[in-house]
Amino acid sequence: MESDTKLNKQNPFLDGTHDPSLISWLDSANGHPLFSIHNLPFGVFKDSDGVRKCCVAIGDYVINLHGLWAERPFTGQGEVGLEALTDTSLNRFMSLGREVSKKFRQSLSQALTLGSDCEPLIRRALLPMSDVSLCLPCQIGDYTDFYTSIHHATSVGKLFRPDNPLLPNYQWLPIGYHGRASSIHPSGTMVYRPVGQCLNPDTQTPKLKATAKLDYEVELGIFIGQPTRAFEAVTIEHAEEHFFGVCMLNDWSARDIQAWEYQPLGPFLSKNFMTSISPWVVTAEALAPFRVPPTHYANRPKVVTLESNENSAFGGINIQMTCQISTAQMRKNGIPAIKLSQTSFKHAFWTINQMISHHTQTGCNLNSGDLLGSGTQSGPNAEEAGSLIEITRGGQEVIALPENEFRGFLEDGDEIELSGFCESENGLRIGLGTVVGRIAPALSSANFSQQGGV
Ligand code: CA
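Residues numbered from 1 in each chain as written. Predicted model: local features only at pLDDT ≥ 70, side-chain atom pairs only at ≥ 80, totals over all residues. Heavy atoms only, no water.

The next point concerns the sheet that holds strand β21 (residues 338-344). Spatially, β9-β26-β25-β20-β21 is the arrangement adopted by the 5 strands of the open sheet, whose pairing is mixed. Of all strands in the sheet, those bounded by a partner on one side alone are β9 (191-192) and β21. Relative to strand β26 (residues 429-440), strand β25 (residues 415-423) runs antiparallel, the two sharing 9 bridges. Note that in β26 the partner of serine 419 across the bridge is threonine 434. (Pairing = 2+ DSSP bridges. Helix = DSSP H or I, 4+ residues; strand = E, 2+ residues; numbered from the N terminus.)

Encoded structure:
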């Protein structure tokens with residue numbers, strides 16, 4: 001295909017699966033806003049017996065990959081990949097590396113293209129998407145949260161340290177902390193308002209209470225594919241080999257707990273109660289057409305260990321990320337959710353490959369299915385702020401919602417929906433789907449009603 005050749009000269013990640021003219025025999029896939037033939041994201045669903053099975057989203061359906069294996073539609077690396085996808089999670093498939101996921105994608109794309117002999121085989125493995133219940137896509141052994149938006153880091157830094165918002169290390173290395181994998185939950189899981197120690201400004205003594213400053217954070221989740229070796233640093237040139245795919249991630253945060261606990265070692269209980277992720281994993285291959293040069297930041301120091309020609313040309317990804325809120329009252333009165341912000345991951349100060357490479361610099365190994373959070377993604381403009389603490393300046397400038405509701409931070413019954421999508425000038429569009437969480441009252445209020453100190 002001539003168009004492919006042309007595109008390939010500019011972007012080494014493109015192949016025939018990104019041809020905008022591809023049409024599927026499955027009508028609902030053509031023009032689908034999320035799950036066109038150009039996307040093919042992976043997920044895991046529970047069947048009617050409660051058994052977890054890997055699947056791919058296409059149009060209004062999912063392909064049950066366990067069922068598809070029985071049809072033996074593929075050969076070579078495509079077959080190797082499909083066999084690994086008969087597991088109850090994506091981990092083994094992720095571990096096989098980019099060559100297998102690329103070949104599997106090519107096999108599946110061809111099988112879904114109009115005129116393919118595989119149509120009857122695939123049709124037998126289709127399930128209506130509305131019938132499936134999605135789980136976490138893999139076993140997440142470790143979770144690390146980065147801080148890659150310089151706009152977020154600066155505006156939050158101003159609230160915590162007005163005189164010194166951006167610390168000098170920020171531009172020299174990707175800041176992050178090791179988070180909790182055990183409290184990562186799939187979209188739709190209720191978010192119970194956490195209880196924690198907060199400083200009482202009147203008495204200057206801490207008090208245990210339900211957080212009054214519950215917030216969301218709009219983040220990209222990044223899954224590790226092929227594992228890295230223990231005691232070996234992954235250079236920036238090889239980091240891409242370990243990048244499997246992305247999801248939307250909401251790093252729920254309790255700002256009053258955070259303000260009291262965060263020094264000197266960083267976030268702890270203010271973040272560990274819950275992290276929500278969208279159920280679909282959009283692969284690095286599907287993101288290829290949306291690779292862009294990282295945003296230029298003037299006077300940025302050159303960190304030679306985290307620079308490469310490929311990173312300079314294609315390190316960024318233009319993923320649009322939006323955040324919506326609906327309150328209990330809005331839903332009761334039939335008022336649709338309203339948008340709080342929209343930004344793009346292309347503004348990130350550090351790229352995915354820089355995060356991966358830096359994470360392994362000491363020899364710390366990354367395993368298949370490990371999750372990296374990008375940190376809150378805020379763009380350069382006010383309407384691109386990815387958390388309430390930025391939008392309301394720490395709760396001081398409340399936002400007005402319909403019907404005389406106001407918010408500094410989240411109230412019980414509020415629902416936050418993050419969604420992501422990519423669009424290209426030549427008409428390609430793929431979606432990451434959504435991660436939704438609704439706030440419920442604290443579970444343990446009976447245990448902390450005492451009026452004294454902690
Ligand atoms: Ca975060």
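On we go from here.
Going through the model one piece at a time under the given rule, you end up with 21 salt bridges. Aspartate 47 serves as the salt-bridge partner of lysine 53, at 2.9 Å between the closest nitrogen and oxygen. Two residues, lysine 271 and glutamate 217, come together in a salt bridge whose shortest N-O distance is 2.9 Å. Remark: glutamate 217 occurs in the loop between β12 (214-215) and β13 (218-224) and lysine 271 occurs in helix α10 (residues 269-272); sequence separation between them is 54 residues. Summarising the burial analysis for this pair, lysine 271 and glutamate 217 share the class buried. Because the salt bridges share partners, they merge into one network encompassing Asp215, Glu217, Asp251, Arg255 and Lys271. (Salt bridge = Lys/Arg side-chain N within 4 Å of Asp/Glu carboxyl O. Buried < 20%, exposed > 50% of the residue type's maximum accessible area, 1.4 Å probe, protein only.)

In the first shell of the calcium ion, the protein supplies Asp145 (OD), Glu217 (OE), Glu219 (OE) and Asp251 (OD), at 2.2 to 2.3 Å from the metal. Within one chain, the residues serving as donors to the calcium ion are arranged as D-x71-E-x1-E-x31-D. Residue aspartate 145 is located in strand β6 (residues 143-146), and its partner aspartate 251 is located in the loop between β14 (243-250) and β15 (253-254); the two are separated by 106 residues in the primary sequence. The same class applies to aspartate 145 as to aspartate 251, namely buried. (Donors = N, O, S within 2.8 Å, 3.2 Å for Na, K, Ca; no water.)

Let us now look at the side chain of glutamate 285. Here glutamate 285 is to be found in the loop between β17 (282-283) and β18 (291-292). Setting aside its immediate chain neighbours within four residues, glutamate 285 contacts His18, Arg98, Ser101, Lys102 and Arg105. (Contact = heavy atoms within 4.5 Å.)

Turning next to the domain arrangement of the protein. The domains assigned to the protein are domain 1 (16-134) and domain 2 (143-447). Taken over C-alpha atoms, the centre of domain 1 sits 29 Å from the centre of domain 2. Contacts between the two partners involve 27 residues from domain 1, matched on the other side by 27 residues from domain 2. Between domain 1 and domain 2, a total of about 2200 Å² is buried, with carbon and sulfur atoms accounting for 64% of that surface. Linking domain 1 to domain 2 there are 2 salt bridges. Between arginine 98 and glutamate 285 there is a salt bridge; the shortest N-O distance is 2.7 Å. The interface formed by domain 1 and domain 2 includes 12 residue pairs in polar contact (both at pLDDT 80 or more). Counting only elements with at least two residues in the side of domain 1 that touches domain 2, the list comes to β1 (42-46), β2 (52-58), α4 (91-95) and α5 (98-112). Along the lines of polarity and charge, the residues of the side of domain 1 that touches domain 2 split into 15 nonpolar, 9 polar and 3 charged. (Domains from an automatic or database assignment. Buried area = accessible area lost by both parts, 1.4 Å probe. Polar contact = N/O pair within 3.5 Å; in protein donor to acceptor, adjacent residues only side chain to side chain. Nonpolar A, V, L, I, M, F, W, Y, C, P; charged D, E, K, R; others polar.)

The side chains of a regular strand alternate between both faces of the sheet. The buried count for strand β20 (residues 320-326) comes to 5 of 7 residues, which makes it a mostly enclosed element. As paired elements, β20 and β21 share 6 bridges and run antiparallel to each other. Following the sheet pairing, methionine 321 is matched in β21 by threonine 343. Judged from the 7 bridges that link them, β20 and β25 form a sheet pairing that is antiparallel. Bridge pairing in β25 places serine 326 opposite glutamate 415.

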